[in-house]
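Coordinate analysis (summary)
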Amino acid sequence: MPSLKSHLVSFVLRHSRKKAFSSPENLQRWIAYARKTEDHHPPALLKARLDITETEIDGFPVYEIAPKAGERRRILYMHGGAYVFQITSYHWGLIAEMAERLGFGITVPIYPIAPEHDFHAMFGMVGDVYRCMLEDTEAEDIVFMGDSAGGNMAVVLTMTAAEDGLPSPSRHVLISPGLDVSLANPEVFEAERQDPWLGIPGGLEAVRLYSAGFDRKDWHISPLYGDLSLLPKTLLLTGSRDMLTPDNLIFAERARAAGVEVDVVYEEGMFHVWPLIEMPEARRARDSIVSFLRDEARSQAERETVNSSAKGLSRAPLMTGFASTKIASAISSLRSGW
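Residues numbered from 1 in each chain as written. Predicted model: local features only at pLDDT ≥ 70, side-chain atom pairs only at ≥ 80, totals over all residues. Heavy atoms only, no water.

Turning our eyes to something else, we now look at the overall build of the protein chain. Each helix and strand counted, the protein chain has 12 helices and eight strands in total. For the protein chain, the residues scored as buried account for 56% of the 338 residues in total. In the protein chain, the proportion of contacts linking residues at least 24 apart, taken out of those at least 6 apart, comes to 79%. As displayed, the protein chain has an accessible area near 14400 Å², and 54% of this comes from carbon and sulfur atoms. (Helix = DSSP H or I, 4+ residues; strand = E, 2+ residues; numbered from the N terminus. Buried < 20%, exposed > 50% of the residue type's maximum accessible area, 1.4 Å probe, protein only. Contact = heavy atoms within 4.5 Å. Areas by Shrake-Rupley, 256 points an atom, 1.4 Å probe, with all protein chains shown as cover.)

As for its placement among the helices and strands, Ile110 is situated in the loop between strand 4 (105-109) and helix 6 (119-136). Overall, Ile110 belongs to the buried group, its relative accessible area being 3%. Counting along the chain gives 69 residues from Ile110 to His41, while the straight-line C-alpha distance between them is 9.2 Å. Sequence-distant contacts of Ile110, that is, excluding residues within four places in its chain, are made with His40, Phe60, Pro61, Tyr63, Gln86, Ile87 and Met125.

Where empty space is left in the structure can be found by rolling a water-sized probe over the atoms. Within this model, the largest pocket holds a volume of roughly 1000 Å³. Forming the walls of the largest pocket are 45 residues, and the residues nearest its centre are Arg17, Phe21, Gly81, Phe85 and Trp197. Elements supplying a minimum of two residues to the lining of the largest pocket: helix 1 (4-14), helix 3 (24-37), helix 5 (89-102) and helix 9 (200-210). Sorting elements by how many residues they give to the lining of the largest pocket places helix 9 first, with five residues. The residue inventory of the lining of the largest pocket, partitioned by class, reads 27 nonpolar, 12 polar and six charged. (1 Å grid on protein atoms, 1.4 Å probe; cavity = no way out; pocket = protein on both sides within 12 Å on 5 of 7 lines; lining within 4 Å. Points joined across faces, edges and corners; volume = space filled by probe spheres on them. Nonpolar A, V, L, I, M, F, W, Y, C, P; charged D, E, K, R; others polar.)

Before going further, it helps to examine the pattern of salt bridges. Here the structure, examined in full by the defined rule, presents 18 salt bridges. With a shortest N-O distance of 3.1 Å, Glu38 and Arg35 are connected by a salt bridge. For Glu38, a relative accessible area of 28% gives the class partly exposed. On the basis of relative accessibility, which here comes to 28%, the residue Arg35 falls in the partly exposed class. Taking the shortest distance from any N to any O, the salt bridge between Arg284 and Glu267 comes out at 2.4 Å. (Salt bridge = Lys/Arg side-chain N within 4 Å of Asp/Glu carboxyl O.)

Next up on the list: the packing of aromatic side chains. Applying the stated rule across the entire model yields five aromatic pairs. Pairing Tyr63 with Trp92 gives two aromatic rings, centres 5.5 Å apart and planes at 85°, and the pair type is edge-to-face. In this pair, Tyr63 sits in strand 2 (residues 60-65) while Trp92 sits in helix 5, placing the two residues 29 residues apart along the sequence. Across the pair, exposure class does not vary: Tyr63 and Trp92 are buried alike. (Phe/Tyr/Trp six-rings, centres within 6.5 Å; stacked < 30°, edge-to-face > 60°.)

Let us now look at the pairing of strand 4. Of all the five residues making up strand 4, five are buried; the element is thus mostly covered by neighbouring parts of the structure. Sheet topology places strand 2 next to strand 4; four bridges connect them, and they run antiparallel. When the sheet's bridge partners are listed, Ile65 is paired in strand 4 with Ile106. Alignment of strand 3 (residues 74-78) against strand 4, held across three bridges, turns out to be parallel. (Pairing = 2+ DSSP bridges.)

In helix packing, the relevant descriptors are the interaxial angle and the interaxial distance, both defined with respect to the helix axes. At a closest axis distance of 7 Å, the pairing of helix 3 and helix 9 adopts a crossing angle of 65°. Viewed along their axes, helix 3 and helix 9 form a crossing whose handedness is right-handed. From helix 3, Pro24, Leu27, Gln28 and Ile31 reach across to helix 9, where they touch Pro201, Gly202, Glu205, Ala206, Arg208 and Leu209. Its residues assigned to classes, the contact of helix 3 with helix 9 shows six nonpolar, two polar and two charged. (Axes fitted to C-alpha atoms, helices over the stretch in contact; angles between N-to-C directions. Left-handed = near helix turned anticlockwise from the far one by under 90°.)

Orientation of helix 6 relative to helix 7 (residues 149-163), taken along the N-to-C sense of each, is 70°, at an axis distance of 11 Å. On the basis of the axis angle, helix 6 is roughly perpendicular to helix 7. Here helix 6 contributes Phe119, Met122, Phe123, Val126, Gly127 and Tyr130 to the contact with helix 7, which in turn contributes Asn152, Met153, Val156, Leu157 and Ala161. When its residues are assigned to classes, the contact of helix 6 with helix 7 shows nine nonpolar, two polar and no charged. (Parallel < 35°, antiparallel > 145°, perpendicular 65-115°, else oblique.)

Further remarks concern the confidence of the model for the protein chain. Residue-level pLDDT values for the protein chain average 90, and 88% of them are 70 or greater. Predicted confidence for residues 305-338 stays below pLDDT 50, and this span has 45 contacts to residues more than four positions away or in other chains. (pLDDT = per-residue confidence, 0-100.)

What follows covers a nonpolar patch on the surface. On the surface, a cluster of nonpolar side chains totalling about 300 Å² of accessible area is made up of Leu8, Phe11 and Val12. Looking at where Phe11 falls in the secondary structure, it is placed in helix 1. Phe11 sits in the exposed class, given a relative accessible area of 51%. (Patch = residues over 30% accessible without salt bridge, like charges linked within 9 Å, V, L, I, M, F, W, Y side chains within 5 Å.)

Pasting the structure below:
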């Protein structure tokens, strides 16, 4: 059963944020209001807890959370916000917890957002951030993590990096990602009615503002239509009351068919990006993320041991111990419930 707090949050969202996505005009008004109040800086309490430095790439801030001593692994975190809203304290809360529990370094680009900027500026900047990371960190030690629009960016960045001859990150963590904005899937319209947060009219306006004229079925905008075989092992978190979930489940199917390992955490009763909000369901989701990435760290350590002690020996691929929620067999029955 969903927690009492999740019901309360859903109620608040439906009577506040949902309005922002109810029409193009409402979204534009919310953007104008947000520009007067947004502050991308990490909250003061986080600065007291973590070693955070600010640098600049392409004229935009990039925050670096230092890893624990001796730790090489890093996360490139791309925040959500429909490509038009700035990073929030909720994002910083999740980032801080991941830094403290995992000990990884975390890079947080404050990338250019629409309508002041478009797709080309966004991916030009985050692409340069990734190139800078690769100068001192192996790709096998880098994780792409993002929520909502940031989840889309993680997948598209991997695809554009491959196009540019750059290596892929070791893993993806995608929280309620937006992977198909084409509206080709009719299940999305029914799912919108169950979603207390997102709406199609405002969502399409956000896409129009950032997409730089790309067709909505172009993989640069909807990576579901790209070459999914390029992707690394992926953890995807999605909930039953998120209008993006029908397409997320299709993405999981197609990625698996393309040979990608995809672990899906599906939470009944949960809305868009619920792991960002402090409540019991979010704690479970964050535990799943930590387990997934700790498993990656263990597997990497095992591979290094094998490489150093048994060079030249053939060996079956190492198996990992992470047991996530697998729902491939339940996708058809789940869809019938939308």
